[in-house]
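Each chain, letter by letter, is given below.
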Amino acid sequence: MCRERKGLTQAELGKAIQYSEEQVSSVERGRRAPKPQFLEAADKVLGAGGLISGLEKDVEEARYPKKVRDLKKIEDEAVEVCAYDNSVINGLLQTEEYLRAVFHSRRPAFSEEELERLVTARLARQAILNSSQTLPAFSFVHDEATLRRRIGGKMVLRRQLERLLEAGQMRNVEIQVLPLDREDNASLGGPFTLLRLKEGNTVVHNEVQRTSRLISDRKEIQILELRYGVIRAQALPPQESLAFIEKALGET
């Protein structure tokens, strides 16, 4: 450990970086995630040459719930993401105020600390849309109900619809709408996401009623791949979908 090699006690390190001995102990024992200021100060005092301050990204991700960390890791490896949503706008496309409203509507309610962890984690996941390393292909099919449900209120929904229109112009993103007047909907069973990975495998993420799971069983995946193909055919084409969203915006 850098502190021990430097010959400092927890109290001495704490004094040098203006933190208490208890705070230093909590960080070292893994009971508390250190803030960036803590990492930078400790790196400087201990002469770690960036070894400690370089942990900032890992520490930040460690704050996220495990299910979010697992999903983000797979999303970062995906070359194609295909998602169907019938209740709320897909998390990768949500504005911050919309996603806060989604989390606020949960019962029993999240604590403020848990709420902030979830908001931060979801915003971090959205970075994949503008990744500088890879440019995955995204296909989103939204049931019309997601465009009409006023989560967070009228203005929050309006800004969310504007965000969908912006995202729909991105060259790696296709957004489709499945209108409510369609007689057929191949996924009345609920939302799901197909994640196609670099090595050719596909994983499915399914989240419903307090259950978030990743599916790797090939038979289940084949069924959902077939289902997604049918949903895309049932939905409006991308350009017509954007026009539909624009119309919904005007009616909101």
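So, how was this worked out
Residues numbered from 1 in each chain as written. Predicted model: local features only at pLDDT ≥ 70, side-chain atom pairs only at ≥ 80, totals over all residues. Heavy atoms only, no water. Buried < 20%, exposed > 50% of the residue type's maximum accessible area, 1.4 Å probe, protein only. Helix = DSSP H or I, 4+ residues; strand = E, 2+ residues; numbered from the N terminus. Arc of directions from axis to C-beta. Phe/Tyr/Trp six-rings, centres within 6.5 Å; stacked < 30°, edge-to-face > 60°. Pairing = 2+ DSSP bridges. 1 Å grid on protein atoms, 1.4 Å probe; cavity = no way out; pocket = protein on both sides within 12 Å on 5 of 7 lines; lining within 4 Å. Points joined across faces, edges and corners; volume = space filled by probe spheres on them. Nonpolar A, V, L, I, M, F, W, Y, C, P; charged D, E, K, R; others polar.

K.L.:
Which residues make up helix 2 (residues 10–17), and what values do they have?
P.N.:
An α-helix turns once every 3.6 residues. As a result, residues three or four positions apart point the same way. Within helix 2, burial applies to Gln10, Leu13, Gly14 and Ile17. Looking straight down helix 2, one finds its buried side chains confined to an arc of 100°; they lie on one side. Two residues or fewer after helix 2 comes glutamine 18, characterised by a positive phi angle close to 65°.

K.L.:
Can you tell me about the packing of aromatic side chains, naming the residues and giving the values?
P.N.:
This model, assessed by the stated rule, comprises 3 aromatic pairs. Between the aromatic rings of phenylalanine 138 and phenylalanine 140, the centroid separation amounts to 5.9 Å while the plane-to-plane angle is 5°, which identifies the pairing as stacked. Each of the two residues, phenylalanine 138 as well as phenylalanine 140, counts as buried. Measuring from ring centre to ring centre gives 6.2 Å for phenylalanine 192 and tyrosine 228, while their planes differ by 80°; the resulting arrangement is edge-to-face.

K.L.:
I'd like a rundown of the pairing of strand 2 (residues 137–143), residues and numbers included.
P.N.:
Most of strand 2 is tucked away, with 6 of its 7 residues classed as buried. Judged from the 6 bridges that link them, strand 1 (residues 78–85) and strand 2 form a sheet pairing that is parallel. Paired with alanine 83 across the two strands is phenylalanine 140, which belongs to strand 2. One ladder, built from 6 bridges, connects strand 2 with strand 3 (residues 173–178); its direction is parallel. Among the inter-strand pairings, aspartate 143 is bridged to a residue of strand 3, identified as leucine 178.

K.L.:
Explain the layout of surface pockets to me, using residue names and the numbers behind them.
P.N.:
The space that makes up the largest pocket amounts to roughly 1,300 Å³. Forming the boundary of the largest pocket are 42 residues, of which Val102, Arg122, Glu207, Val208 and Gln209 lie nearest the centre. Taken together, the elements giving at least two residues each to the lining of the largest pocket come down to helix 6 (66–77), strand 1, helix 7 (96–104), helix 8 (112–125), strand 4 (192–197), strand 5 (202–208) and strand 6 (211–215). Per element, the largest residue contribution to the lining of the largest pocket is 5 residues, and it comes from helix 8. Its residues assigned to classes, the lining of the largest pocket comprises 20 nonpolar, 12 polar and 10 charged.

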